[in-house]
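Summary of structural features
The primary structure of each chain is shown beneath.
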Amino acid sequence: MAISETTTTATTTPARPVPLWAERVARLLPLLALPVCLWRLPIGFDHLMGADVAPMSWSRWANVSYVVTLSLLTEACALLCRGLVRPWGEVVPRRVPGLGGRRIPPYAVTVPATLLGLLFTALLVDWVLCTFHLAGFSDVPYTNGWWRLLAAVTSGLMALWGPLILALTYGYHRRRRGTGTGTSA
């Protein structure tokens, strides 16, 4: 009886407590993405948000579908990063048939999260180069400075994702290291 209680406890409790900074960062990620998601929506309806470019040449339904899908995927990705600080990122929830209660191997989380963090960090580098016109890079021309500033701020918030995801991944790795990578029954 004592063995099964130990096994149950081991599969439902997190490896180590989540630091307060990590919990706050995980809650912040969807909020950092929200301005960009809202910024994109008018673009789907051919309102260019001050950009001095030609409108998309797709049909209206394709524009709207693309922009809405991209925004939903962005927010889903931000919400999925919560798994780096929540118990369901360490142990499969019991309600999942066949896998419920099993530990998730740490590298099954840290490898994709690290790759995603590196991808978004590359976008941060691109944002810095384009926004500040460094090394010959430039961004979309805008009709005035206010549109350019608004675009830089909204996209700049999302550009912070990369380092924040990498920090969350590092925190996850530190909490999970040494806790075993096998699954328990």
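Check the entry above for the structure.
Okay, the layout of surface pockets next. Counted as a void, the largest pocket has a volume near 840 Å³. Along the wall of the largest pocket there are 28 residues; nearest its centre are Val 36, Trp 39, Val 140, Tyr 142 and Ser 155. Broken down by secondary-structure element, the contributors of at least two residues to the lining of the largest pocket are helix H2 (20–44), helix H3 (60–80), helix H4 (106–131) and helix H5 (145–159). In terms of residue count, H5 provides more of the lining of the largest pocket than any other element does, seven residues in total. The residue inventory of the lining of the largest pocket, partitioned by class, reads 21 nonpolar, three polar and four charged. When its volume is computed, the second largest pocket comes out at roughly 260 Å³. As for the second largest pocket, its lining consists of 14 residues, and the residues nearest its centre are Leu 80, Cys 81, Leu 84, Val 109 and Ala 113. At the level of elements, H3 and H4 are the ones that each hand at least two residues to the lining of the second largest pocket. The element contributing the most residues to the lining of the second largest pocket is H4, with five residues. Its residues placed into classes, the lining of the second largest pocket shows twelve nonpolar, two polar and no charged.

Helix length check: H2, at 25 residues, gives a terminal C-alpha distance of 38 Å against a target of 36 Å (1.5 Å per residue), a fit within 8%. Of all the bends in H2, the greatest reaches close to 30° and is centred on Leu 28; the proline Pro 30 follows between one and four positions later. Backbone geometry just downstream of H2 places Asp 46 in the positive-phi region, at approximately 65°.

What follows covers the pattern of salt bridges. Inspection of every chain in the model, using the stated rule, returns five salt bridges. Note that Glu 23 and Arg 27 form a salt bridge whose closest N and O atoms lie 3.2 Å from each other. Residue Glu 23 and its partner Arg 27 are both found in helix H2; the two are separated by four residues, about one turn of the helix. Judged by its relative accessible area of 53%, Arg 27 falls in the exposed class. With a closest N to O distance of 3.4 Å, Glu 23 and Arg 82 form a salt bridge. Of this pair, Glu 23 sits in helix H2 while Arg 82 sits in the loop between H3 and H4; the two residues are 59 residues apart in sequence, bridging distant segments of the chain.

Criteria and thresholds
- Position numbers for residues start from 1 in each chain and track the written sequence from start to end.
- In keeping with the predicted nature of the model, local features appear solely for residues at pLDDT of at least 70, side-chain atom pairs appear and are counted solely at 80 or more, and the whole-chain, interface and lining totals rest on all residues.
- Heavy atoms from the whole structure form the basis of all side-chain values; hydrogens and water molecules are not counted.
- Whether a set of points on the 1 Å grid over the protein atoms alone is a cavity depends on a 1.4 Å probe fitting there but being unable to get out, while an open set qualifies as a pocket with protein on both sides within 12 Å along at least five of seven lines; lining residues are those with an atom within 4 Å of a point.
- Grid points are joined across faces, edges and corners, and a volume is the space filled by probe spheres set on the points.
- For helices the rule is a DSSP run of H or I covering at least 4 residues; for strands it is a run of E covering at least 2, with both sets numbered from the N terminus onward.
- Under the scheme applied here, ten amino acids are nonpolar (Ala, Val, Leu, Ile, Met, Phe, Trp, Tyr, Cys and Pro), four are charged (Asp, Glu, Lys and Arg), and all others, including Gly, are polar.
- To estimate how far a helix should reach, multiply one less than its number of residues by 1.5 Å.
- Working definition for bend: take the seven residues up to and ending at a residue and the seven starting at it, fit an axis to each, and measure the angle between the axes.
- In what follows, salt bridge is the name for a side-chain nitrogen of Lys or Arg lying within 4 Å of a carboxyl oxygen of Asp or Glu.
- Each residue is assigned to one of three classes by its accessible area relative to the maximum for its type, calculated with a 1.4 Å probe on protein chains only: buried under 20%, partly exposed between the two thresholds, exposed over 50%.

Treat this as a map of the structure, not an account of what it does.
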